[in-house]
Amino acid sequence: MALTVAVLMDPVEQIKIGKDTTFALLLEAQRRGHHLRYLQQGDLALRDGTPCARLAPLTVNDDAASWFRRGDAQWQPLTTVDILLARKDPPLDAQFLYDTLVLEAAQRLGVRVINDPRALRDCNEKLYALQFPQCCAPSLVARDRDALRQFALQHGEVVLKPLDGMGGRGIFRSHGHDPNLNVILETLVGDDQHFALAQRFIPEIRAGDKRILVVAGTAVPFALARVPQGDEFRGNLAAGGRGSVVPLSERDRWIVAQVAPDLVKRGLLFVGLDVIGDYLTEINVTSPTCAREIDAASGLNIAGMLFDAIENLPA
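Residues numbered from 1 in each chain as written. Predicted model: local features only at pLDDT ≥ 70, side-chain atom pairs only at ≥ 80, totals over all residues. Heavy atoms only, no water.

## Topic: the packing of helix α4 (residues 145-155) against helix α5 (residues 181-189)
Point 1. In the contact formed by α4 and α5, the axes pass within 10 Å of each other and the chain directions differ by 135 degrees. For the element pair α4 / α5, the angle class is oblique. The two elements α4 and α5 meet at a crossing, and its hand is right-handed. On the side of α4, the interface is formed by Arg145, Leu148, Arg149 and Ala152, while α5 contributes Leu181, Asn182, Leu185, Glu186 and Val189.
Point 2. When grouped by side-chain class, the residues that make up the contact of α4 with α5 number five nonpolar, one polar and three charged. (Axes fitted to C-alpha atoms, helices over the stretch in contact; angles between N-to-C directions. Helix = DSSP H or I, 4+ residues; strand = E, 2+ residues; numbered from the N terminus. Parallel < 35°, antiparallel > 145°, perpendicular 65-115°, else oblique. Left-handed = near helix turned anticlockwise from the far one by under 90°. Contact = heavy atoms within 4.5 Å. Nonpolar A, V, L, I, M, F, W, Y, C, P; charged D, E, K, R; others polar.)

Structure follows, in structure tokens:
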């Protein structure tokens, strides 16, 4: 049965279709005969308490010269769609949180929102991973610069990052005797005003920061290892990392088994785990990526796996 599938995303005209997982989802939905609708953050509203959106018909084509055609947008109740894919990239600011409240209102009226808006709100991608300490390297989340400085002295090399970034932006590698540590901490936490995350540096980053995709609680059997290049310590593709598709290790599968039951319970149908060496570092719930790269190297259809799961959800 054809469904109406709306996608809340960043501007479609700016995506790189060879690497964009949202685009893979659009292609798969269209291939299955579903009707696509497109919206951005500014297209959401509540009218007398009813969740609405300015929805534009969309068709897509796997052609880098001409990959989409968008029709005229019209304001409609969100109940006119069956599925809404929430795929807005961070930052996880106040506007993002307000979006989840509108999406939750639509969910209460029967719209199937992927991922669950309450979970998008509750599961900060840095902090959520720490709910599984058995999977994580030593870490500290704090506003207090002295506490973060002591953590660096205790653990030697550390990585320091904000809680709301993506793509490797704003991440620092430092150590307890680094003459720049005070400046780094001031940059991240200000005058002890903002939370920052400190993690013990994991030297296995040389072999790559693996993105493991999990669909409805089941791990995709291959991951994208994002390997730092040159003197760079960040593996993020946005920071110049080189991607290499690798099979999951036994440790990878163990980490997924630790996390998956909670993902399912929270309605997190499509998630990306970041694993360096033996350690889980982040759980990406907002707009996990790397599906196209993994598909191209493995012959999988990860978007198809996700739509199989979506179509089996209760109406």
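## As for the sheet that holds strand β9 (residues 139-142)
Point 1. Within the open sheet, the four strands sit side by side as β9-β12-β10-β11. Their pairing is antiparallel. Edge positions in the sheet fall to β9 and β11 (172-175), since each of these pairs with one other strand and no more. Geometrically, the sheet is characterised by an average inter-axis angle of 25 degrees between neighbouring strands, direction not taken into account.
Point 2. As paired elements, β9 and strand β12 (residues 196-200) share four bridges and run antiparallel to each other. Residue pairing across strands places Ser139 opposite Gln199, the latter belonging to β12. (Pairing = 2+ DSSP bridges.)

## Some details on the environment of Ala296
Point 1. Assignment of secondary structure puts Ala296 in helix α7 (residues 291-298).
Point 2. For the pair Ala296 and Gly18, spaced 278 residues apart in sequence, the C-alpha to C-alpha distance is 9.6 Å.

## A closer look at the environment of Val264
Point 1. Here Val264 is to be found in helix α6 (residues 250-266).
Point 2. Considering only alpha carbons, one finds Val264 and Asp308, 44 residues apart in sequence, at a separation of 15 Å.
Point 3. Dropping the residues within four chain positions of it, Val264 is found in contact with Ala216 and Gly217.

## Details of the packing of aromatic side chains
Point 1. Taken as a whole and judged by the stated rule, the model has two aromatic pairs.
Point 2. Measuring from centroid to centroid gives 5.7 Å for Tyr128 and Phe132, while their planes differ by 65 degrees, and the two rings are edge-to-face.
Point 3. A cation over an aromatic ring shows up here: Arg47 above the ring of Trp75, its NZ or CZ 4.8 Å from the ring centre. (Phe/Tyr/Trp six-rings, centres within 6.5 Å; stacked < 30°, edge-to-face > 60°. Lys NZ or Arg CZ within 6 Å of the ring centre and 35° of its normal.)

## Re the side chain of Asp116
Point 1. Along the chain, Asp116 falls in the loop between β8 (112-114) and α3 (117-122).
Point 2. Although Asp116 is buried, it forms no salt bridge, and the closest oppositely charged side chain is Arg118 at an N-O distance of 5.3 Å.
Point 3. One polar contact links Asp116 to Gln107, side chain to side chain, over a distance of 2.8 Å.
Point 4. A polar contact of 2.9 Å, which involves the side chain of Asp116, links it to the backbone nitrogen of Arg118.
Point 5. Asp116 has contacts with Gln107, Arg266 and Gly267, leaving out every residue within four places of it along the chain. (Buried < 20%, exposed > 50% of the residue type's maximum accessible area, 1.4 Å probe, protein only. Lys, Arg positive; Asp, Glu negative; His and termini not counted. Salt bridge = Lys/Arg side-chain N within 4 Å of Asp/Glu carboxyl O. Polar contact = N/O pair within 3.5 Å; in protein donor to acceptor, adjacent residues only side chain to side chain.)

## Observations regarding α7
Every α-helix winds through 3.6 residues per turn, so residues three or four apart in the chain are directed the same way.
Point 1. Listing the buried residues of α7 in full gives Ala291, Arg292, Glu293, Ile294 and Asp295.
Point 2. Where α7 is buried, its residues meet α1 (21-31), β13 (209-215), β15 (222-227), β16 (242-247) and α8 (302-311).
Point 3. Just downstream of α7 lies Gly299, where phi reads positive at about 80 degrees.

## Here's the deal with the nonpolar core
Point 1. The biggest cluster of nonpolar side chains holds 41 residues, and the ones touching the most others in it are Leu84, Leu273, Leu280 and Ile283.
Point 2. Per element, the largest residue contribution to this core is five residues, and it comes from α6.
Point 3. Setting aside its immediate chain neighbours within four residues, Leu84 contacts Ala6, Leu8, Leu78, Leu103, Val111, Arg112, Val113 and Ile114.
Point 4. With 36 residues, the next largest nonpolar core counts Ile17, Leu36, Ile83 and Cys290 among its residues. (Core = buried A, V, L, I, M, F, W, Y, C linked by side-chain atoms within 4.5 Å.)

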